[in-house]
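Residue-level structure breakdown
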Amino acid sequence: MTIRLAVNGQDHAFDLPPQTSLLEVLRNDLGLNGPKYGCGYGECGACSVLVDGQAARACVMTLGAVAGRQVTTLEGLGTPEAPHPVQRAFIEEEGAQCGYCLNGMIVTVTALLRDTPAPDRATLARALRHNLCRCGTHLEILRAAERAVT
Ligand code: FES
């Protein structure tokens, strides 16, 4: 069965079982390593992507579930030369230590700003509460998220 979807604006067709993990397809078949494999259970947020503009956890999303939809990964937000405003805010605030969680933080803030253009600090913290950072740099991450708003 061929499953078609768009990833970062490009159409793709996969002859894979529909239950194949979206994260596996993105990383292994398309070489998009922005989304990270953290827990594999939908708990940490490292694998976050946008599906039709909404944040989603690619590790627990199947290929079949995104058939015909638009998937955007960290790579699709901006480029090193022209980063997305949220990416730029995280760079400028150095909102990371090891950086493993950053994909999820940036994707989550991007999705939030799409629907809530001027969230306050409490709203940002609430949106990021299920994105885990093992280095404990939550305050820097929150500062970067606030910078993305301004
Ligand atoms: Fe997907 Fe942790 S790897 S939520």
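The protein is annotated in an unreviewed UniProt entry as (2Fe-2S)-binding protein of Paenirhodobacter hankyongi.

Here we take up the sheet that holds strand β1 (residues 2-7). The 5 strands lie next to each other as β2-β1-β5-β3-β4, forming an open sheet whose pairing is mixed. Two strands bound the open sheet, and with one partner strand each, they are β2 (10-15) and β4 (54-57). In this sheet, neighbouring strand axes are inclined to one another by 40 degrees on average, regardless of whether the strands run parallel or antiparallel. One ladder, built from 6 bridges, connects β1 with β2; its direction is antiparallel. Paired with Val7 across the two strands is Gln10, which belongs to β2. Sheet strands touched by helix α4 (residues 102-115): β3 (48-51) and β4. Its angle to β3, the strand with the most contacts, is close to 30 degrees.

Attention shifts here to helix α3 (residues 85-92). Along α3, the positions that sit buried rather than exposed are Val86, Gln87, Ala89 and Phe90. Seen end-on, α3 carries its buried residues on one side only, within an arc spanning 160 degrees. Looking at the buried residues of α3, the elements they touch are α2 (74-77), α4 and α6 (138-149). Glu94 lies just past α3 and shows a positive phi near 50 degrees.

Our next topic: the pairing of β2. The buried count for β2 comes to 0 of 6 residues, which makes it a mostly uncovered element. Taking the residues that link successive antiparallel strands as the turn, the β1-β2 hairpin has 2 residues, and the phi of Asn8 there is positive, at about 50 degrees.

Our focus in this paragraph is the domain arrangement of the protein. For the protein, the domain assignment lists domain 1 (2-77) and domain 2 (85-149). Averaged C-alpha coordinates put domain 1 and domain 2 at centres separated by 21 Å. Taken together, the contacts link 14 residues of domain 1 with 14 residues of domain 2. Going through the elements one at a time, β3, β4 and α2 are the ones with two or more residues in the side of domain 1 that touches domain 2. Ranked by residue count, the leading element in the side of domain 1 that touches domain 2 is β3, at 3 residues. Along the lines of polarity and charge, the residues of the side of domain 1 that touches domain 2 split into 8 nonpolar, 5 polar and 1 charged.

Before going further, it helps to spend a moment on the environment of Leu139. Tracing the backbone through its elements, the reader meets Leu139 in helix α6. Separated by 43 residues in sequence, Leu139 and Ala96 have C-alpha atoms that sit 9.8 Å apart.

Conventions adopted
- For every chain, the first residue of the written sequence is number 1, and numbering continues from 1 along that sequence.
- It should be noted that, the model being predicted, local features are given only for residues of pLDDT at least 70 and side-chain atom pairs only at 80 or more, the latter also being counted only at that level, while totals for whole chains, interfaces and linings use all residues.
- In this scheme, strands are said to pair when DSSP sees at least two bridges between them.
- Numbered from the N terminus, helices here are DSSP runs of H or I no shorter than four residues, and strands are runs of E no shorter than two.
- Each axis is a line fitted through C-alpha atoms, taken for helices only over the stretch in contact, and angles between the N-to-C directions span 0 to 180 degrees.
- Throughout, a pair of residues is in contact if the C-beta atoms placed from their backbones lie within 7 Å.
- Exposure classes come from backbone-placed C-beta atoms, where a residue is buried if 20 or more other C-beta atoms lie within 10 Å of its own, exposed if 12 or fewer do, and partly exposed in between.
- Directions drawn from the helix axis to the C-beta atoms are what define this arc.
- By convention here, the domain bounds are inherited from an automatic or database domain assignment.
- In this classification, Asp, Glu, Lys and Arg are treated as charged, Ala, Val, Leu, Ile, Met, Phe, Trp, Tyr, Cys and Pro as nonpolar, and every other residue, Gly included, as polar.

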